[in-house]
Amino acid sequence: MFLIPIALGTVGAQESPHNVWIIPIDSDITPATADFVNSRVQLANQERPLALVFVLNTNGGQVTSMQRIVDIILTTAEVPTIAVVEKAFSAGALIAMSAEYLAMLPGSSIGAALPIVPTLTGAKPVEEKFNSAVRGQFRSVAEARGRDPQIAEAMVNQKFEIPGLSTKDELVTLTASQAVTFGIADIEALTLRDALSAFGYGGVTIITLSPNLTERLGIFLAKPLIAAILLAIGVAGILIEFFTPGFGLPGALGVISLALLGLAAFVATPANPIDLILIVLGILLVAVEILVIPGFGVAGILGITAIVVSVFRIFQNDAVTVVSGAAIFGALILALGFWFLPNTRLGHTLMLRTRLRTLTNTGSGQKTRTVDRTSLIGQRGEATSDLRPAGVAHFDGNRVDVVTEGDYISSGSPIEVTFVEGNRVIVRSAN
């Protein structure tokens, strides 16, 4: 629903005092979420609606983004704030508790806020120093809003026992009724309008401020799984172009994927100009490697390095997930390539299928037969086309399809046969 795109600002100041604005938080908490909340709160400070209502249906997200949103609600918002919870786990729990009023809808729950960090072997709890800081923030926000600080801390500290609610080694997660009973929520409400009526906003006009198209696209592209797929396609497409002549579909897909990754970095992550410059520089270096400099060299290596470094700078805690996910997807792309490529038109053009043949006079005509080419081993000849790595060469006046060991050899260069395997004649530079 796009009733109030932030770029358009369609809510008039003369109408706002009769409205309640809804800010949905229904995805993972990311820097894009924080930017979205900040822009709507700033607009509310100008237009002055009756209240801002944060409707939460989230599993949590990044701690730094959570802290920024909480600070915006506590210190920046100049109108009353209300949290209505459908589901508020992890970072969502603290965001809900930072509002002045908190309502729980039927079937809702709040809590389970233990900070974790992704690793190559799976997620694990953060170090005690960091966990202690988060526990302190949960207590502080709860105290600021008149909520039970011990219950709030128990959402983060699994060793904190709450009689009748949780045991040791068990995080606190509250149902709707428990949240009210244990002093976290103010009321239970059947609907959003019931919650508003209970807080004194019955019968008001409700206007939803949803993310605009650019924000939604950025949030989607910045998900670690999507970012990993884009990175894998980007690198795979570029690597394919390194070892095939010309610039075709794989290279185009690779550049487009990396460009989308850059868009995600700009819209939905804490990327700064240096990070974006690294992505652009990486793409340009890779493009130079493909279009200008033959073979695989310094420009390509520097380009890929710049892209990987930018990924770690941009995605921070999720960088390991993005890079490891990209490696897995890259391996799948490679496996699928080996499986399907030989049966495709592109595969047929890349495969060496021409046989070296000699003509033998049988008396009644000429008959073609295949000869053993192992005798070419050690012979020297000349490349009559650029070898990228496949191409054509001449040995003692005979035309032979050859392939290098992976190097680029320009036309006219002397070459030497190092190995023969079936129809494949493998050569290297004779220099």
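The rules we used
Residues numbered from 1 in each chain as written. Predicted model: local features only at pLDDT ≥ 70, side-chain atom pairs only at ≥ 80, totals over all residues. Heavy atoms only, no water. Helix = DSSP H or I, 4+ residues; strand = E, 2+ residues; numbered from the N terminus. Buried < 20%, exposed > 50% of the residue type's maximum accessible area, 1.4 Å probe, protein only. Contact = heavy atoms within 4.5 Å. Areas by Shrake-Rupley, 256 points an atom, 1.4 Å probe, with all protein chains shown as cover. Expected span 1.5 Å × (residues − 1). Core = buried A, V, L, I, M, F, W, Y, C linked by side-chain atoms within 4.5 Å. Pairing = 2+ DSSP bridges. Axes fitted to C-alpha atoms, helices over the stretch in contact; angles between N-to-C directions. Patch = residues over 30% accessible without salt bridge, like charges linked within 9 Å, V, L, I, M, F, W, Y side chains within 5 Å. Salt bridge = Lys/Arg side-chain N within 4 Å of Asp/Glu carboxyl O. Parallel < 35°, antiparallel > 145°, perpendicular 65-115°, else oblique. Nonpolar A, V, L, I, M, F, W, Y, C, P; charged D, E, K, R; others polar.

### Considering the overall build of the protein
Next, step 1: The helix and strand inventory of the protein stands at 14 helices and 17 strands.
Next, step 2: Across the 431 residues that make up the protein, the buried fraction comes to 44%.
Next, step 3: Within the protein, contacts between residues separated by at least 24 positions form 60% of all contacts whose residues are at least 6 apart in sequence.
Next, step 4: Summing over all exposed atoms, the protein offers an accessible surface of approximately 21200 Å²; the carbon and sulfur share of this is 59%.

### Focus on helix H2 (residues 63-76)
Next, step 1: Its 14 residues give H2 an end-to-end C-alpha distance of 19 Å, which sits within 8% of 20 Å, the value for a rise of 1.5 Å per residue.
Next, step 2: When H2 is considered as a whole, its buried residues turn out to be Val63, Ser65, Met66, Ile69, Val70, Ile72 and Ile73.
Next, step 3: On the buried face of H2, the contacting elements are helix H1 (31-47), strand E2 (51-58), strand E3 (81-89), helix H3 (91-97) and helix H4 (128-144).

### Quick word on the environment of aspartate 407
Next, step 1: Here aspartate 407 lies in the loop between strand E15 (398-404) and strand E16 (414-421).
Next, step 2: Separated by 20 residues in sequence, aspartate 407 and valine 427 place their C-alpha atoms 9.7 Å apart.

### What to know about unusual backbone geometry
Next, step 1: Cis geometry is found at the peptide bond from arginine 388 to proline 389, where omega equals 5°.
Next, step 2: Of note in the backbone geometry, serine 90 takes a positive phi value of approximately 50° without being a glycine.
Next, step 3: Along the polypeptide, serine 90 turns up in the loop between E3 and H3.
Next, step 4: Despite not being glycine, alanine 112 shows a phi value in the positive range, around 50°.
Next, step 5: Mapped onto the secondary structure, alanine 112 falls in the loop between strand E5 (109-111) and strand E6 (116-119).

### Notes on the nonpolar core
Nonpolar side chains in soluble globular proteins tend to be buried together.
Next, step 1: Met97, Ile110, Phe138 and Met155 are the most contacted members of the largest nonpolar core, which has 54 residues in total.
Next, step 2: Filtering out sequence-adjacent residues up to four positions away, phenylalanine 138 remains in contact with Met66, Ser90, Ala93, Leu94, Met97, Ala113, Ala152, Met155 and Val156.

### Here's the deal with the sheet that holds E16
Next, step 1: Reading around the barrel, the five strands line up as E13-E14-E15-E17-E16 and close back on themselves, with mixed pairing between neighbours. The mean angle between the axes of side-by-side strands here comes to 55°, regardless of whether they run parallel or antiparallel.
Next, step 2: Relative to E15, strand E14 (residues 390-395) runs antiparallel, the two being bridged by six bridges. For alanine 393, the partnering residue across the bridge sits in E15 and is valine 400.

### A few points about the pairing of strand E13 (residues 380-383)
Next, step 1: As paired elements, E13 and E16 share three bridges and run antiparallel to each other. The partner of glutamate 382 across the bridge, within E16, is proline 414.
Next, step 2: Relative to E14, E13 runs antiparallel, the two sharing two bridges. Of the residues in E14, the one forming a bridge with alanine 383 is alanine 393.

### Side note on a nonpolar patch on the surface
Next, step 1: A grouping of Leu217, Ile256, Leu260 and Leu263 is seen on the molecular surface, where their side chains present a nonpolar patch of about 300 Å² in accessible area.
Next, step 2: With respect to the helices, strands and loops of the structure, leucine 260 is situated in helix H10 (residues 249-268).

### Overview of H1
Next, step 1: Look at H1: 24 Å from first C-alpha to last across 17 residues, which is about the 24 Å you get at 1.5 Å a residue.
Next, step 2: Count one or two residues on from H1 and you reach arginine 48, which has phi positive near 60°.

### Some points on the environment of isoleucine 333
Next, step 1: Turning to its location among the elements, isoleucine 333 is positioned in helix H13 (residues 319-340).
Next, step 2: Isoleucine 333 sits in the partly exposed class, given a relative accessible area of 31%.
Next, step 3: Here the alpha-carbon distance between isoleucine 333 and alanine 232, two residues 101 residues apart in the chain, equals 8.2 Å.
Next, step 4: In contact with isoleucine 333, not counting residues within four places along its chain, are Ala232, Ile233 and Ala236.

### Some thoughts on the packing of H1 against H2
Next, step 1: Running from N to C, H1 and H2 cross one another at 10°; their axes reach a closest spacing of 8 Å. Considering their axes alone, H1 and H2 lie roughly parallel with respect to each other. Contact with H1, carried on its side by Pro31, Thr33, Ala34, Asp35, Val37, Asn38, Val41, Gln42 and Asn45, involves Ser65, Arg68, Ile69, Ile72 and Thr76 of H2 and no other residues of that element.
Next, step 2: Tallied by class, residues from the contact of H1 with H2 come to six nonpolar, six polar and two charged.

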